[in-house]
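Coordinate inspection notes
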Amino acid sequence: MFLQKTKRAKMVAQAFKVDLNKPLVFQVGHLGEDYQEWVHQPIVSKEGPRFFASDFWEFLTRTQWWVIPLVWLPVVGYSVNISRQMGHTLPELVLMVIGGIFIWSLLEYTLHRFLFHINTTSYWGNTLHYLLHGCHHKHPMDGLRLVFPPAATAILLVPFWNLVKLFSTPSTTPALFAGGLLGYVMYDCTHYYLHHGQPTKDVPKNLKRYHLNHHFRVQTKGFGITSSLWDKVFGTLPPSKVGEKSR
């Protein structure tokens, strides 16, 4: 019994402690199995932590929300125009863009549920998860890390384009792609607003409550950002009352 207690005491003593005053990215991997518990204990502060010792890499992790529409809306317009030049009418273009937004909404839910909330315990697994989404749950009010950096988005648009190509024609691919990209812009801007905006209308107020519920109460449900549609479809709506338990 004494040996067991001594062993447990050593394990507690050897548990890794994150120093919030130092760059975090290469620390969090050392948490091992404790990472999931640590990352879901939010620190509510508008000032985010430093990620990297390097000023260059640190700069790449910080993005103002308005950069997203500034960079990507011209790409949306350009892509729609390609489909227009290939003979599609305005009503057809509108339908294709709406279809692309619909595709994005499902992708948004799928990524958030199955990738952003994957359980990790290894050093590099924890590190990559923290960079991808864990940092947002640890510091949910960090205004410079609420939207995805354009450089990273540009890389991910390549497989998204190829995905759209699988089920569309050469002339419809650009407009569907544009709709998906527009859906992403709407998602990122909405996400920022839900954390930092002060809505007065019922719809945005309910959506803000719905999303913050995911952060601070039931983090295993409520994966929609721009809407709760897919949570309803796939049965991941959070309980409607605080006293209810998550299923």
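Residues numbered from 1 in each chain as written. Predicted model: local features only at pLDDT ≥ 70, side-chain atom pairs only at ≥ 80, totals over all residues. Heavy atoms only, no water.

1. Notes on a nonpolar patch on the surface
Among the surface-exposed residues, Phe102, Leu106, Leu229, Val233 and Phe234 lie close enough to one another that they form a single nonpolar patch of about 440 Å² accessible area. Breaking the nonpolar patch down by element, the ones donating at least two residues are helix H6 (90-115) and helix H11 (229-234). Among the secondary structure elements, valine 233 is positioned in helix H11. (Patch = residues over 30% accessible without salt bridge, like charges linked within 9 Å, V, L, I, M, F, W, Y side chains within 5 Å. Areas by Shrake-Rupley, 256 points an atom, 1.4 Å probe, with all protein chains shown as cover. Salt bridge = Lys/Arg side-chain N within 4 Å of Asp/Glu carboxyl O. Helix = DSSP H or I, 4+ residues; strand = E, 2+ residues; numbered from the N terminus.)

2. Regarding the packing of aromatic side chains
Evaluation of the coordinates by the stated rule reveals 17 aromatic pairs. Centroid distance tyrosine 109 to phenylalanine 223: 6.1 Å. Interplanar angle 80°. Geometry classified as edge-to-face. Placement of the pair is tyrosine 109 in helix H6 and phenylalanine 223 in the loop between helix H10 (202-216) and H11, with a sequence separation of 114 residues. With relative accessibility at 2%, the residue tyrosine 109 sits in the buried group. For phenylalanine 223, a relative accessible area of 5% puts it in the buried group. Arranged with centres 6.2 Å apart and planes meeting at 40°, the rings of tyrosine 184 and tyrosine 187 form a pair that is tilted. Highlighted residues: tyrosine 184 and tyrosine 187, both in helix H9 (residues 173-196), separated by three residues, approximately one helical turn. In this pair, the class of tyrosine 184 matches that of tyrosine 187, namely buried. Members of the aromatic cluster, each reached through a chain of ring pairs, are Phe102, Tyr109, Phe223, Trp230 and Phe234. Across from the ring centre of tryptophan 38, 4.4 Å away, lies the NZ or CZ of lysine 138, which sits over that ring. Between arginine 145 and the ring centre of phenylalanine 51, over which it is positioned, the NZ or CZ distance is 3.6 Å. (Phe/Tyr/Trp six-rings, centres within 6.5 Å; stacked < 30°, edge-to-face > 60°. Buried < 20%, exposed > 50% of the residue type's maximum accessible area, 1.4 Å probe, protein only. Lys NZ or Arg CZ within 6 Å of the ring centre and 35° of its normal.)

3. Here we look at the pattern of salt bridges
Applying the stated criterion across every chain, the model contains four salt bridges. One network of salt bridges, with partners in common, ties together Glu58, Arg62, Asp142 and Arg145.

4. Details of the UniProt feature "domain: Fatty acid hydroxylase" (unreviewed entry) in the protein
Feature annotation in UniProt places "domain: Fatty acid hydroxylase" (unreviewed entry) on residues 98-236, given in this structure's numbering. For residues 98-236, helix accounts for 69% and strand for 0%, while the C-alpha atoms at its two ends are 24 Å apart. (UniProt positions renumbered as here; feature names shortened; annotations may be inferred.)

5. Some remarks on helix H8 (residues 150-166)
Helix length check: H8 (17 residues) gives 25 Å between terminal C-alpha atoms against 24 Å at 1.5 Å per residue, within 8%. The largest bend in H8 amounts to roughly 30° and is located at leucine 157, with the proline proline 159 lying one to four residues further along. Among the residues of H8, Thr153, Leu157, Phe160 and Val164 are the ones counted as buried. (Expected span 1.5 Å × (residues − 1). Bend = angle between axes of the 7 residues up to and from the residue.)

6. Some points on the UniProt feature "transmembrane region" (unreviewed entry) in the protein
Look at the UniProt record and you will see "transmembrane region" (unreviewed entry) annotated at residues 89-107 and 146-164. Within residues 89-107, the helical portion is 95% and the strand portion 0%, while the C-alpha atoms at the span's ends are 27 Å from each other. A helix fraction of 79% and a strand fraction of 0% characterise residues 146-164, whose end C-alpha atoms lie 26 Å from each other.

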